[in-house]
Amino acid sequence: VKVYETVTKVEVRTEMTSIKDHSHPLTENQSDKFPQRSVAVIGIGAMGGGMARALLASSKTKFVLGYDRAANLVETFHKDSVAAQKHQSRDPPTTLDIVLNTDVIILMLVNEVQCDEICFGPESSNILNCAKKGSCVM
């Protein structure tokens, strides 16, 4: 802050306060006000698979879906989501299931080609045309 004030000649604060003087909104039992979300991770390889499994352990997720081009990864993750009781159906999801049924879609893809295919590919299952209103894509 002091560097910013020196460089810009704009006073941000007149006195420094400690972090403990400012409470974070989620530390005061307000986290209960946020509803559980259904989350999908598309691309559940090395990085995306780890993220998706961390979401399975989170109390903030209602459902966690995982999708990948590799069917064995999808089946294995679906078994993990069933074990965690965070699955939506008996069968592993398709891309259309994910796009239609989740609040948050996390893309962990290898390249632009894969991203274009999922986001703008076949109209019957792409994110642009099929994601539910208000969903978030990261």
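A brief look at the structure comes next. (Residues numbered from 1 in each chain as written. Predicted model: local features only at pLDDT ≥ 70, side-chain atom pairs only at ≥ 80, totals over all residues. Heavy atoms only, no water.)

One non-glycine residue with positive phi stands out, namely Gln85, at about 60°. Relative to the helices and strands, Gln85 is located in the loop between helix H3 (71–83) and helix H4 (95–101). (Helix = DSSP H or I, 4+ residues; strand = E, 2+ residues; numbered from the N terminus.)

As a further point, take the pattern of salt bridges. Inspection of the entire model under this criterion finds 3 salt bridges. Between Arg53 and Asp80 there is a salt bridge; the shortest N-O distance is 2.8 Å. One end of the pair, Arg53, is in helix H2 (residues 46–56); the other, Asp80, is in helix H3, and 27 residues separate them in sequence. According to the relative accessible area criterion, Arg53 is partly exposed, its value standing at 33%. Note on Asp80: relative accessible area 28%, which makes it partly exposed. Of the charged contacts in the structure, one is a salt bridge between Asp103 and Lys132, with a shortest N-O distance of 3.0 Å. Of this pair, Asp103 sits in the loop between H4 and strand E3 (104–107) while Lys132 is found in the loop between helix H6 (127–130) and strand E4 (136–137), placing the two residues 29 residues apart along the sequence. (Salt bridge = Lys/Arg side-chain N within 4 Å of Asp/Glu carboxyl O. Buried < 20%, exposed > 50% of the residue type's maximum accessible area, 1.4 Å probe, protein only.)

Glancing now at the side chain of Ser125. Structurally, Ser125 is set in the loop between helix H5 (112–120) and H6. A residue is classified by how much of its surface remains accessible, and Ser125, at 19% relative accessible area, is buried. Not counting residues up to four positions away in its chain, the partners in contact with Ser125 are Thr95, Leu96, Val99 and Cys130. (Contact = heavy atoms within 4.5 Å.)

What follows deals with the side chain of Thr61. Along the chain, Thr61 falls in strand E2 (residues 61–67). A distance of 2.7 Å separates the side chain of Thr61 from the backbone oxygen of Leu55, its partner in a polar contact. A polar side-chain atom of Thr61 sits 2.8 Å from a polar atom in the side chain of Lys86. (Polar contact = N/O pair within 3.5 Å; in protein donor to acceptor, adjacent residues only side chain to side chain.)

Take the sheet that holds E3 next. Strand order across the open sheet formed by 4 strands is E2-E1-E3-E4, with parallel pairing between neighbours. Unpaired on one side and paired on the other, E2 and E4 mark the two borders of the sheet. As paired strands, strand E1 (residues 37–42) and E2 are joined by 6 bridges and run parallel to one another. Opposite Val39, over in E2, you have Val64 as the bridge partner. (Pairing = 2+ DSSP bridges.)

Moving on, we come to the environment of Gln88. Residue placement: Gln88 occurs in the loop between H3 and H4. Taking the C-alpha atoms as reference points, Gln88 and Asn101, separated by 13 residues in sequence, lie 8.8 Å from one another. Once residues within four sequence positions are removed from consideration, Gln88 is found in contact with Ser38, Phe63, Leu65 and Asn101. In this structure the side chain of Gln88 is engaged in a polar contact, spanning 3.2 Å, whose partner is the backbone oxygen of Asn101.

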